[in-house]
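Report on the structure
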Amino acid sequence: MPVENVLKLAQENNIEWFDFRFVDLSGRAHHISLPSSEVDEDTFVNGVAFDGSSIPGFRGIEESDMVMMPDPESVFIDPFTAHPTINVMCNIYTPDGERYERDPRGIAEKAEEFLQSSGVGTAAFFAPESEFFIFDDVRYQSDTNVSSYSVDSNEAFWNTNRKEEGGNLGFKIRKKGGYVPVAPVDSQQDIRSEMCRLLEEAGLKIERHHHEVATAGQAEINFRFDTLKFTADNLLKYKYIVHNTAVQYGKTATFMPKPLFGDNGSGMHVHQSIFNGDEPLFYEKGAYANLSEMALHYIGGILYHAPALIALTNPSTNSFKRLVPGYEAPVNLVFSKGNRSAAVRIPVAAVTPKGCRIEFRTPDSTANPYLAFSAMLMAGLDGIKNKRDPRELGYGPFDKNIYELSDEDKQGIRSVPASLDEALDELEKNHEFLLEGDVFTADFIANYIAFKRAEAKDVAIRVHPHEFSLYYDC
């Protein structure tokens, strides 16, 4: 909305504070609050200063001054603050007025501009299905002499024999038994509905919510697609509202991919399509899954670059504890219609021409959405440019349940990298497609790889509790 409408919204709702936000390399939001009396039209022109050296992966202390430039199209009224507050997402600029090349939101804008300049289409639409867990208790510690974690949920199967105040009423969710049961097995209907209410107030269009497969409170809320940058904005709102609603209910929510051993993890399946004006470019009636050649080449780009992409779409060490066979994790780099064992699935149920899309199922919500969506778009556009036909490259279509195939039948099917370090190796070798149009820069890629390698090393050198089970009595 225009800046004058933002200021009018603030006046009509007796807003006391403006909360200006930006996102770091990891996808975590940061904020600085200004009183309404200090915010006017000039604030949206001159921006809000902050110290970039205090944000990991940004700038050194010798060049720390940075500027948040507010985007008036991103505003929403915060549903949690005691003092009425408007939240505003920002891009990051240098004091000289230049785009900061490591700003994830700025990269998303450049990706959209590159799409338009390529002549392929006018807009790319994204819709993430971001799963999460709602726990009743979480405890963790990692220190010199201790390394432990514990999570708990009233729904969890391990609590069938727990003594509870007022008696244990049963109705716990079995391992892998949580997909869409009704109450009282599903005990979280109301908290998810409250999350949805607040998300709609914040401007998201909610399509559905339900309990997911895993025990212990796994959930999913689906919201309507939007263009790349605004979908990433919406995912930040989604996480913020899910986290804070859980706290209000005396619970805790996590988007961590694999908080439980031996049950399904949480993914972020990303639906995507390209339009030219109102024309859907991924639809061709009568073709395989009604997909156009452009859509097939887009899939070819995603699968061809997937090993490198995964460093951006699954950028945590925990991501690769989800990406193992046996837990519905899409580890096989093939495509198929309606097949959830493939890395790329083409939804075919109740799909209209404008709803025709591809779904990349490998990502998870530790990804920075601005970087992940931009990288997926760049891989897809590279596939279109170079006509990377996934059928000729050996990526399918593969309409069998891959999880049930013998090792012999799986020969020739590529898998995702086995660790974050392997994915970073792939990104180091293959990132030229990201540099097209200066969407990503070589400096950004090098800095990102170094940042993530340090994170992976920090995890790798720590003592793991299971090592005591294996080796203590040696």
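As a reminder, the structure under discussion sits directly above these lines.
Rules used in this analysis
- Residues numbered from 1 in each chain as written.
- Predicted model: local features only at pLDDT ≥ 70, side-chain atom pairs only at ≥ 80, totals over all residues.
- Heavy atoms only, no water.
- Phe/Tyr/Trp six-rings, centres within 6.5 Å; stacked < 30°, edge-to-face > 60°.
- Buried < 20%, exposed > 50% of the residue type's maximum accessible area, 1.4 Å probe, protein only.
- Helix = DSSP H or I, 4+ residues; strand = E, 2+ residues; numbered from the N terminus.
- Contact = heavy atoms within 4.5 Å.
- Patch = residues over 30% accessible without salt bridge, like charges linked within 9 Å, V, L, I, M, F, W, Y side chains within 5 Å.
- Areas by Shrake-Rupley, 256 points an atom, 1.4 Å probe, with all protein chains shown as cover.
- Salt bridge = Lys/Arg side-chain N within 4 Å of Asp/Glu carboxyl O.
- Expected span 1.5 Å × (residues − 1).
- Axes fitted to C-alpha atoms, helices over the stretch in contact; angles between N-to-C directions.
- Parallel < 35°, antiparallel > 145°, perpendicular 65-115°, else oblique.
- Nonpolar A, V, L, I, M, F, W, Y, C, P; charged D, E, K, R; others polar.

1. Some details on the packing of aromatic side chains
In this description, an aromatic ring pair is defined by two values, namely the gap between the centres and the angle between the planes. Counted by the stated rule, this structure contains 20 aromatic pairs. Ring centres of Phe157 and Trp158 lie 5.4 Å apart, and the angle between their planes is 75 degrees; this geometry places the pair in the edge-to-face category. We classify Phe157 as partly exposed; its relative accessible area is 32%. What makes Trp158 partly exposed here is its relative accessible area of 35%.

2. Let's talk about the environment of Leu296
On the secondary structure map, Leu296 appears in helix H6 (residues 293–313). A relative accessible area of 3% places Leu296 in the buried class. Along the chain, Leu296 and Lys387 lie 91 residues apart, while their C-alpha atoms are 8.7 Å from each other. Beyond its immediate chain neighbours, meaning those up to four positions away, Leu296 contacts Leu291, Phe335, Arg388, Pro390 and Arg391.

3. Details of a nonpolar patch on the surface
The grouping of Val138, Tyr140, Tyr149 and Phe261 at the surface amounts to a nonpolar patch, some 570 Å² of accessible area in total. Relative to the elements of secondary structure, Phe261 occurs in the loop between strand S13 (252–254) and strand S14 (268–276). Classification of Phe261 as exposed rests on a relative accessible area of 77%.

4. Here's the deal with the side chain of Thr94
Mapped onto the elements, Thr94 comes out in the loop between strand S6 (85–93) and helix H3 (104–118). Each residue touching Thr94, except ones within four places of it in the same chain, is listed here: Arg59, Val67 and Tyr100.

5. Notes on unusual backbone geometry
A cis amide bond links Ala183 to the next residue, Pro184, at an omega of 5 degrees. Along the chain, the position of Pro184 falls in the loop between strand S9 (147–152) and helix H4 (189–201). The step from Gly396 to Pro397 runs through a cis peptide bond, and the omega angle for that step is 10 degrees. Along the chain, Pro397 falls in the loop between helix H8 (369–385) and helix H9 (420–429). Look at Asn14: it is not a glycine, yet its phi comes out positive at around 50 degrees. Along the chain, Asn14 turns up in the loop between helix H1 (3–12) and strand S1 (17–23). A relative accessible area of 59% means that Asn14 is categorised as exposed.

6. Examining helix H11 (residues 442–460)
The end-to-end C-alpha separation of H11 is 27 Å, in line with the 27 Å expected for 19 residues at 1.5 Å each. Listed in full, the buried residues belonging to H11 are Phe444, Ile445, Asn447, Tyr448, Ile449, Lys452 and Ala456. Against the buried residues of H11 lie H3, H6, H8, H9 and helix H10 (432–435).

7. So, the packing of H3 against helix H5 (residues 228–248)
Contact geometry for H3 and H5: axes closest at 8 Å, N-to-C directions at 150 degrees. Taken together, the axes of H3 and H5 lie roughly antiparallel to each other. Of the residues in H5, those touching H3 at Arg105, Ala108, Glu109, Ala111 and Glu112 are Leu228, Lys229, Phe230 and Asp233. Of the residues belonging to the contact of H3 with H5, the class tally is 4 nonpolar, no polar and 5 charged.

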